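What follows is the residue order along each chain.
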Amino acid sequence: MWLLPISMLLTTALLAIPLSRYLAWIMSGEYKAPGFLKWFEDRLDTGNQNWKQYTVALLVFNLLLFTYSYVIMAIQPWMPLNELRRGMLAPTTMAHAAMSLSTNTDLQHWSGDVHFSNFTQIFVMIANFFFSASIGFCALAAIIRALRFGPDKVGSFFLDMWRVMIYMFLPVGFVFSLICLQQGMPMTFKSANIVPTLEPAAMGTTDSGQAKQQTIVVGPLAAFIPMKQLGTNGGGFYGANSAHPFENPTALSNFLESVAMMLFPMALVLMYGRMLHKLKHAWVIFSVMMGLMIGTIVWSVYFDTYKPNPGITAHPQERHFEIASASGKKPVVLPAVAGLPVDQHLGNLESKELRFGTSAGATFAAMTVDVTCGAVNCAHDSLNPMAAVSPMAGMWVNCIYGGKGVGMINTLVFLIIGVFVAGQMVGRTPEYLGKKIGGREMKLAMIGLLIHPIMILWPTGIFAATSWGQKAEFNPGPHGFSEIMYEFSSASANNGSGFEGLGDTWGLNDNPSPAPTSRPWDIATVIVICLSRFIPIIAPIALAAGMGAKKAAPFGLGTMRDDTPTFAFLLTGTIVILGALLFLPVAALGPVAEHLGPLPFGG
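Residues numbered from 1 in each chain as written. Predicted model: local features only at pLDDT ≥ 70, side-chain atom pairs only at ≥ 80, totals over all residues. Heavy atoms only, no water.

## A look at the side chain of S242
Inference 1: Residue position: S242 is located in the loop between α8 (221-230) and α9 (251-276).
Inference 2: With a relative accessible area of 0%, S242 lands in the buried category.
Inference 3: At a separation of 2.9 Å, a polar atom in the side chain of S242 contacts the side chain of E257.
Inference 4: Apart from the residues lying within four places of it in its own chain, the contact partners of S242 are K228, Q229, E247, N248, E257, F356, F364, A375, V376 and N377. (Helix = DSSP H or I, 4+ residues; strand = E, 2+ residues; numbered from the N terminus. Buried < 20%, exposed > 50% of the residue type's maximum accessible area, 1.4 Å probe, protein only. Polar contact = N/O pair within 3.5 Å; in protein donor to acceptor, adjacent residues only side chain to side chain. Contact = heavy atoms within 4.5 Å.)

## Observations regarding the side chain of D522
Inference 1: For D522, the location among the structural elements is in helix α17 (residues 518-548).
Inference 2: With residues near it in sequence (within four places) discarded, D522 still touches T92, T93, H96, H109 and D504.

## A short note on the pattern of salt bridges
Inference 1: Within this structure, the stated rule accounts for ten salt bridges.
Inference 2: Between D160 and R145 there is a salt bridge, and its shortest N-O distance comes to 2.8 Å. Taken together, the positions of D160 in helix α7 (residues 157-183) and R145 in helix α6 (residues 118-149) put the pair 15 residues apart, joining distant regions of the chain. Each of the two residues, D160 as well as R145, counts as buried.
Inference 3: The partner of R163 in a salt bridge is D160, and the shortest N-O contact between them spans 3.6 Å. Of this pair, R163 and D160 both sit in helix α7, separated by three residues, roughly a single helical turn.
Inference 4: Assessed through its relative accessible area of 12%, R163 is described here as buried.
Inference 5: The class of D160 is buried, set by a relative accessible area of 1%.
Inference 6: By sharing partners, the salt bridges in this structure join R145, D160 and R163 into a single network. (Salt bridge = Lys/Arg side-chain N within 4 Å of Asp/Glu carboxyl O.)

## Some words on the nonpolar core
Inference 1: With 136 residues, the main nonpolar core has F137, M271, Y272 and Y401 as its most contacted residues.
Inference 2: The biggest single contributor to this core is α6, with 19 residues.
Inference 3: Excluding anything up to four places from it in sequence, F137 contacts L23, M27, V164, M168, F169, F264, L268, M271, K404 and G405.
Inference 4: Ranked by size, the runner-up nonpolar core spans 21 residues in total, among them C378, M386, W396 and F583. (Core = buried A, V, L, I, M, F, W, Y, C linked by side-chain atoms within 4.5 Å.)

## Focus: the packing of helix α14 (residues 439-465) against helix α18 (residues 565-596)
Inference 1: Packing of α14 against α18 leaves a shortest axis separation of 11 Å and a crossing angle of 5 degrees. With respect to α18, the axis of α14 lies roughly parallel. Facing α14, whose interface residues are L449, L450, H452, P453, I456 and L457, α18 presents L578, L582, F583 and V586. (Axes fitted to C-alpha atoms, helices over the stretch in contact; angles between N-to-C directions. Parallel < 35°, antiparallel > 145°, perpendicular 65-115°, else oblique.)

## Some details on the packing of aromatic side chains
Inference 1: Within this structure, the stated rule accounts for 30 aromatic pairs.
Inference 2: Taken together, the aromatic side chains of W2, W299, Y302, F303 and Y306 make up a single cluster linked through ring pairs.
Inference 3: Positioned above the aromatic ring of W506, the side-chain terminus of R519 is 4.1 Å from the ring centre. (Phe/Tyr/Trp six-rings, centres within 6.5 Å; stacked < 30°, edge-to-face > 60°. Lys NZ or Arg CZ within 6 Å of the ring centre and 35° of its normal.)

Set out below in structure tokens:
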């Protein structure tokens, strides 16, 4: 039960240590590129940019990536590798997909095996897996250089992108792809295999009475999955994501996919310390994140793998109550029922893949949000109510390792706030890395912090109070509220996982019966994803630039050390307390109310 998460965390941590040395070596420019690669580097190297130039380059590149993705999806019907003749998605869905993929979010209002051709999977999905994953990595590198060298020497954005993709993602992804092939993942440009079913006519019959054959969608899975996981992208080739046997064939592949999605986020924390020559400080941050990740995993496993599913347990007495609906209060009668004849000694097994082990679903659910990956190997919508608090909390604090680069950037915001509060409590000017924290830094830190809850709570309230949310939710009551809240939490955290009970899919543009509220969901999540991606990147870059321009203060007896257990407790307390203050009320309205309420799973 516990051996699986323990072995995953230990394996990843051990691999992250040497990888962090390699990452720091590459991003510090200490390597010597081979001649044929040096030629490309020389043409991409714009020389040292200041923080404003670097930020503009990052934003322009993302705009071009969004435009490219939208155009490729729009011309999908006329592109090759489209044996199944996939049409064009609805315009709002393409905008949502382009924004989601280009920002490393991969929140899906589509299903790749139903709506995308192999051409789109390769040139939109896989391409964005590399590009969007590199952008956050580059932003962290710029912040490190700004803190160390000042605001005018943050490096070259385009050269950094080259370094991340060519020297980091490509070699590691290539090795992982070989393992994926060995584990049985398909690797083909063919779109589908048409095969007879083992039971004749299991798929029905044609008008002439002949048995229909089964269409098995395939594609370049062994090239798709490595960067889906390594880049903490999470967008699935199939709608079932990592629960699909082609995306995740074996228990070993599940173990390796879990390690892969945590590998770079863990290594980047140590890279931060190595590039700043503050490795002990980085280990303190690493330990805090590890403690928080262990906490979310233990919580998720305990409340899901050790607890039965309340939806199939006995309810000996009839109960009467009311729930809110679009037309007002609706009376509901829950009759007394006997428990279903299901053995629940292994906990809640609804929508779990037992190929991976009983605790694998709950473990994966916690890990995938902690590193903002968004891949899933079970249905989060079917987690026990209190177990669902764990992935939600991971997205709310959004700094438990987090995505590549942005997780450490979000942690920096919490660091600045925690150090400032501690400094005010003892009556000293707060300092971080020897640089004094002033009013400008605190304003930027608060912008970086508060945009996240604003982009979750405001749209959640609007959609929960209107037909946009009430008509889309699959379950009434607290669980329906959780579905809405989870969607915006995932969008704002650039995570991508979902409760998937929402009617938020229009599908192909000629779909005769789309979800009626899918367009508002597309538009709202585009806005949330965009603002929640770039404001928390721009504000910390400006913050680091301001601090980098200041002279370092001499170390004294009153200086707070940043490599001690005291500092670890300060950072942990800041994250937990701020997270609780911002999100406990909505947790009480959603999963906690569902756990304590009269109806399991909202009725």
